[in-house]
Structures are given as structure tokens and as C-alpha cells.
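Descriptive structure summary
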Amino acid sequence: MRNKLTKNLNQLLLAIGTIILALLVGAVIISFSGNSPIEAYLSMFNGAFGSKQRFMEVLVKMIPLVIMALGTSVAFKANLWNIGADGQFIMGSIFAIFVTIYSGLPPIIGIPVSIIAAMIGGGLWAGLAGWIKVKFNANEVITTLMLNYIAVYFLSFLVYGPMMDPGGSKMPQTKLIPDAFRLPLFESGNRLHIGIFISLIIVVIMIFFWKSTLGFKIALLGQGEKVTTYSGVSVKKMIVFTMIISGLLSGIAGWTEIYGVQYRLLEGITSGYGSMAIVIALMGGLNPVGILISGFFFSALLVGGATMQRMTDIPFSIVDIVQGLIIIFIIARTAINFKEIKNRIVRRMEHVK
Amino acid sequence: MEELRSKNCAVEMYKIIKEFNDVKANDNVDFFVKNGSIHGLLGENGAGKTTLMNVLYGLYHPEQGEICIKGKKCEIPSPTKAISLGIGMVHQHFMLARPFTIVENVMLGRKSRKGFLLDTKETAEELVALANKYKMKIDPYAKIWQLSVGEQQRVEILTALYQGAEILILDEPTAVLTPQEVDGLFETLREMKNDGKAIILITHKLEEILSIVDEVTVLRDGVMIGHVEVDCNTTKSSLTKMMVGRDVLFNFDKSLVEAGAKKLVIKDLKVLNDKNFLALDGFSLDINEGEILGLAGVDGNGQKELCEALTGIRHVESGEVKLDNINIENKPPLFAIEKGIAHIPEDRHITGLALGWSLKKNLIIKTFKANSKFGLIDEKKIEDRWEKAKIAYQIKANSGDDWARDLSGGNQQKVILARELENNPAILIANQPTRGLDIGATEYVRQKILDAKSEGTSVLLVSADLEEILQLSDRIAVIYDGKLMGILPSGSDVKEIGELMMGKKMEVEHDA
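Remember, predicted model here, so these are calculated numbers, not experimental data.

Our focus in this paragraph is the overall build of chain B. From N to C terminus, chain B includes 18 helices and 22 strands. At 25 Å, chain B has a C-alpha radius of gyration in line with the 24 Å of a compact globule built from 512 residues. In chain B, which comprises 512 residues, the share counted as buried stands at 53%. For chain B, long-range pairs separated by at least 24 residues make up 66% of all intrachain contacts whose partners lie at least 6 apart in sequence. Put simply, chain B shows about 22,300 Å² of open surface, and 51% of that area lies on carbon and sulfur atoms.

Set out below in C-alpha cells:
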């Protein structure tokens, strides 16, 4: 038990260390650009936590990001590099809104059906990449990335074409979903909706998921295909399964964004959440609670950065730089692999004993 | 100290201390090798043999100590420096570019004498001359991947000689060779010795020490235990005692069994390897109830593919495998697991264990369904399971939450044994079960295999180590190039087995 606790604590300290390092290097870059790093970070912090309104906005961003990162983490844990969360988010959204707009179901049935549709859309899109990998041995990094483009352009086609809002002024978007379908807000004038509970519930579900036999098999796949086959688990089946589960979570993320914030499909709906979800998943150590924490941090960075840009002359790209630095440090951390170095020393010690 | 130095010494190492994180892997080790001699460096795994040689080869930098090569004090900061001092090393795992030819491999890392053009032809000629001098046969234009392991080793040795090595370090060179190949290697080494070269043989095999080595240095726990000249008074048991610090009895009580009914029947098996070549070409073999059948053979003659085919991991092209008269070929791996076919794979790091997982989870990777409740892994049950296994199999670890990666090879193998032997399997397929383990662990694993047999398990023991095969087997089968060469009774002559391992069919088979 204590062992586990120190492991988690180590993870947390390492994550905080990574962030501090990224912020420090970011500070150097900001001062090169002729701005004051202290001012930048203060206004960023202020922008995220300065008022109740801003803090709630952080939570709004956090809802889809955390769910998507959880989805991404499922694939990553199996050593499948699903970088197509954006595409799965989009396909989930399209499926959901399609049912809602065209089926005419009453909200009481229509809402659950739309969630299921979102899961099917996202799950199929990722599962397709998994199937291609199993069938043709195509690298999932390439296929999920390509499927992203297909999803993005398919969405454009829909909102410029058949699904364009007939009442709108030729804007690339669908018509709004009826009020009854929208997720309730906490208070009017604020965008925070009850989707925050959905994301928390999914975090809890994922904690149990990793203790389940299915989670066991997925994590086993991440330990290597040979040991998985050896253990009597079908690698091919698990690859497709893992991708489907990974994608259906991103589909749900799309659903929360549509039904809680946008109320319609529109171009650019993912706003690059997918790449951020990858960073959140990695920084959270692929662990549900870790992902919740790092998801919160990145949402604050996003909202704070946007406010900073509005309030000062410092550009939003600082946020991108900090995000990029964090990715670099995480990769460096894996590449240098302190654990492995430590292990070698420990092993050596045991040998000598 | 000064007086110890003599012109006759090729290598002198004084008071070498090499620490890893405050633990001394080499603790004040003195080591001397004479010119024109074969020097054995003996010790268990982790005794510090390889560390010491890595210091000599410039891969490690000692905290303290002095090295003299040919009587001259030297600093060896890198392998490049070591090579320029005339030190060559043949590693246990060969460092060869497989798609390249022999001569191309030798040319790697060296400037061509023809400027921008390659001097392949000249080098090849020199290489052949060099090989002939030391009684090695090579084709300089053969590609590495086409060569047997023994031939690849020859390339490594030749490369070192070509680079001008006067002092040659060989790390466990015989581990991968047949008895006949070992003889060939030893002949080469003797030739080199007569030529005045100094040869250092890292080993933990006592037969080798007695048959070829002139002097031996024994290390234990990083300390030099002794330095002996090998003569007729040197015995295996005296060396073992120096090495292990206690007496080891390698005599197992092999209870003789009545030949039982046929348990596993393999008939005309054809199986492809990863490169889509036939790895097994019409292989047939029966394993009887309650016997240990030893399958001897040089690595890479289809043993791995056989084990994988029997456990459902590899596709069978044709032929059949019957367990208790039920066909088991081309069934999913889970089927074999449920039928009670236990498998100790050749490669415990990639196949046998999930290295990044805890030990207790590794114990249940095949039985996670039985160890779960309502679809969730039963943490308490697997903790209990771990506690039992830890005691029953004497696994040395702090807790079941330790990573498999962090254990020594012997303890990793014990975890695999604990998992595979859990429910008295019908069949145990053990592929190279003691490879890379130290004497203590080897003794333990072999005893466990015998225990399993006395519990009624039929065992297929695949091993390249003939000593192991001879110690444990009730019958000895030999595989070569995917075919069964013959079956011999236990206690057969090593030479006879060796000939079959080289591809000579049994006389009986010829007559038939």
C-alpha cells in the first residue's frame, strides 16, 4: 500500500517538476520576446482563477479534454498510439447530432440515444484504424492521423452542404438542437453545464476499468504482443477492442461539447483538443486521477492564456510554447528513462550481494 | 607490487575497484594474464567477471586501480583505446550487421586504404589468410544471416584478430556451440596461444577450464578468491567450492519411470518460422506419460517453433499434435492453457513475463479470469497467491508489487515456474529453462522440473546444454534442421549426441 502511495507521489512530483521546468524555460523565451515573464504568468493565473466566471470557464474546457485524454490513455496503455482523438470526437458529434436532428425522438429517449450514437461514431472511427492495423499491419499513428483529416473534411462537407442551417446566413454550421436536448447549466450567464459530472463519473468508471479483466487484457497488450499471446489473449481482437473503447470515449467528449456548449455542429469544433488530450494523458501518467489533475492544469493554461492575450500585449502563443516544452520534457523523461537507470544500478547491487 | 610485474605478462590489473552506487562490483581485484596462455575467468553470474573485463576493454572506468598492458601502465578510457592497445573482445551477444557479408562486417569502423573506394577484395584476401592461419574456415562473401551461430562467433574472433588483437577476451563463448564446434573453437584458441597471444575466457563451465585453460582466476561477489594453475590436481569440485563458496551436488535423484502411455503425439509437423521458411519439416515425436524427454539441438534448428506450435502460439502448416488423443494443433493459445500445457518460454523477458508489471500480476497473466470477482481482478486473492508462491519457490523480492524487471534472472525464472507449475500441468514444455542462470538457480530449476515429473507431469525439455539434457532426461531426442535425427536412451555418449546435433542421421534410420 505504502509502495503504491510513494509511486503515485513520485509521479505527482515528477509532473510538477516537468511543469515548473517548462514554465522556467518558457519564462526565458518570454523575456527574449521583450515581455516580462512575471507579468505574463501573473495575468495567466489571474485569467484562469481571477473570478468565478473564469474559473467556471476552466471547468467548461476541462470536460471534453479529460474525457478525450481518458480515451487516448486507453489506447496508449495498450501501446497503441491513437492520435486520432479529434477525428473520433468529430464522428461522435456527427452521429449524435444526426440522430437528434433527423429522428424526431422525444428528449427522454433522444438524449440517451444521442449519447449511444456518439459512442458508436467515435468507436467505429477508432475501431476502423484498429481493424486496418490487424488486417493490413498498417501503423495506427498514420491511419488515425489520416482518419482525422477525413473526419474534418466530412464535417466541412456536412456543414457547408446537406446539414447547413437553412435559417442561418450561410454560416458553416447546422441548426441548433432544441432546448430540451441541451445539458442544463449551473447558472444562467455561465457556460458551465452538468457535463462536469459526466466527466467525473467517467473518471471513476475508468478507475474501476483498469481493475477489470478487460482493463487487465488491454494493459497486458501494452506489455508486448508476445507475452499477450503467450497468456492466451488474442492480440488481434484486443487491438480492435482497445481502439473502439478509446474512440468511444472521444465520441462522448464530442457529445458533451455539442450538447453542453455549442448546441450545433460547426467547423473547427475540436479546436485542437486532440493533441492537447495526448499531452494530458501522458502527463497524467495514463492514470485516471492523474489525467483529471493534468486536465485541470491544461484547461487553466488555455483559459488563462486567452485572457492574458486579451489583457496584455503578450501573445497566446506563449501557451503553445509552454505546452510544447512540456511535451519535450515528457519525451525526454521517457527517453532518458530514469527508472531504467535506477533499475540497472539496483540490479548491479543485487548481483554483487 | 613492483616485483610482481614481469615482462611476461600481457595484462596486469592491480587493486581494481569498480563501484555501482556504493556497491563494489569489483573489490580490490588483482588479475594477471601471461603472454601465450589461455586464462580462465571463473565465477557465478554477478561475481564481477564481466565488469572486470569491461574495465579492461575501456567500457567502464574503475574508481581505483592500475592497468598495465605488456608491462606498460595505461589508461583505457574507451574501447577504441583498448583496440589500439591490442585488446579485442568477443561479446556474448554478437555485434554484427546481419544483412552484410563477413568482409563488410570486418571493414566496419575502419578507413579504406583506397580512399573513397572500398578495399573489399584486399581485405577479403587478408581475412582468408588470417582464418587459415588459425584453422578457421570462412567464406568472406557470405552474409551474416546465413551463418550458424558458431560461424558468426568465428567472424567476431576474426574481426578482433584483424584489428590486431594480441589479447582476446571471450565472454562465455561456448554457450551457443555444439560439442564439435567447441572442439573447433578450442583448436583455434590453442593455435592463437602458440602464436603468443593471450586469451581470456570468461566462463562458468568447469569442463572448459579443465580442458583448455592454463591458469584460472576465480571471482566471487566481486572479490578475487584465488588464482590457480590448472594441472592434474585441479578438480571440478575444488573449483566449484571456490566459485560458490559451498559444495554443490549436481547429482539429481532421477527416479526411473516405466514407459507410460503416449501422452503427446507429434506427427509430421510442418511449421514456418518468422521468415516464412520451414522451421519444422516433418517433425515427429512422442512424449510418454510421466517422462522427461530431452530435446537436444543447436539453437535455431526449430526448437522455438516447435514449442510455439505445441502451445498454439504458432500456426501449423500440416501434420498433427494430439494430447490424450485430442487434436490440439492450430487451436488458440488459451486452449492449450486450459488443457494444462505449461510453457517455460525460451525468452523470459519478452514472452514469459510482463516486465513492467508487478510480480503478483505476472503470476496470474494466464489465470486472470479465475482470479477475478464480478469482472474485477481480486486484489486480495492475488496477494495471497503471491505470498504462497514467494515461499514455495523461494523468490527473493521485497514485495509482490515489485516490477518483474527488477529481479535477477534466477528469480524471474522462479516466478515463471511458480505460475506454470501452479496446477500440476499435464505437460510442461521447458525451452532452455536455465539459460543465463547462475549455478544456484540452475540447480533449483532442474530440481523443480524433476519434482514436476514425480507429480505426474510429462516434460519436454528443450535445451542446448547437453549436460542438462543428460542429467534430467529419461530419453534424449535430437533435432537438426527441423527434423528429428534420432532418439537415444539416457546415459548416451555426448559425442554420439553431438554428431546427431550436427545433422548426422542415426545409423538405424539409414538402414530403415
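Another point: the layout of surface pockets. Residue and element names in this part refer to chain A. Its boundaries defined by the atoms lining it, the second largest pocket holds a volume of some 660 Å³. Sort the elements by how many residues they give to the lining of the second largest pocket and helix H10 (residues 235-262) lands first, with six residues. Residue composition of the lining of the second largest pocket, grouped by class: eleven nonpolar, four polar and six charged.

Right, let's get into the packing of aromatic side chains. In total, this model carries 16 aromatic pairs over all chains according to the counting rule given. Between Trp255 of chain A and Tyr259 of chain A, the ring centres sit 5.2 Å apart and the planes meet at 20°, which makes this aromatic pair stacked. Taken together, the positions of Trp255 of chain A and Tyr259 of chain A, both in helix H10 and four residues apart, correspond to about one turn of that helix. Here Trp255 of chain A and Tyr259 of chain A have matching classes, each one buried. One aromatic cluster is present, built from ring pairs that chain together Phe45, Phe49, Phe55 and Phe296 of chain A. Positioned above the aromatic ring of Trp357 of chain B, the side-chain terminus of Lys361 of chain B is 4.2 Å from the ring centre. Over the ring of Tyr393 of chain B we find Lys448 of chain B; its NZ or CZ atom is 4.7 Å from the centre of that ring.

A separate point is empty space enclosed by the protein. On inspection of all chains with the given rule, the structure shows two cavities of 30 Å³ or more. What the largest cavity holds in volume is close to 50 Å³. Contributing to the lining of the largest cavity are Thr229 and Tyr230 of chain A together with Thr311, Ile313, Pro333, Ala336, Ile337, Ile341, His343 and Lys366 of chain B. Where the lining of the largest cavity is concerned, the elements lending two or more residues are helix H9 (225-230) of chain A together with helix H10 (333-338) and strand S16 (341-344) of chain B. Taken together, the residues that form the lining of the largest cavity break down as six nonpolar, three polar and one charged. Size it by volume and the second largest cavity reaches roughly 40 Å³. Of the residues contributing to the lining of the second largest cavity, the split by class is four nonpolar, three polar and two charged.

Even without being glycine, Tyr263 of chain A reaches a positive phi, approximately 65°. Residue position: Tyr263 of chain A is located in the loop between H10 and helix H11 (273-283).

Rules used in this analysis
- Residues numbered from 1 in each chain as written.
- Chains lettered and ligands numbered in written order.
- Predicted model: local features only at pLDDT ≥ 70, side-chain atom pairs only at ≥ 80, totals over all residues.
- Heavy atoms only, no water.
- Helix = DSSP H or I, 4+ residues; strand = E, 2+ residues; numbered from the N terminus.
- Rg over C-alpha atoms; globule rule 2.2 N^0.38 Å.
- Buried < 20%, exposed > 50% of the residue type's maximum accessible area, 1.4 Å probe, protein only.
- Contact = heavy atoms within 4.5 Å.
- Areas by Shrake-Rupley, 256 points an atom, 1.4 Å probe, with all protein chains shown as cover.
- 1 Å grid on protein atoms, 1.4 Å probe; cavity = no way out; pocket = protein on both sides within 12 Å on 5 of 7 lines; lining within 4 Å.
- Points joined across faces, edges and corners; volume = space filled by probe spheres on them.
- Nonpolar A, V, L, I, M, F, W, Y, C, P; charged D, E, K, R; others polar.
- Phe/Tyr/Trp six-rings, centres within 6.5 Å; stacked < 30°, edge-to-face > 60°.
- Lys NZ or Arg CZ within 6 Å of the ring centre and 35° of its normal.

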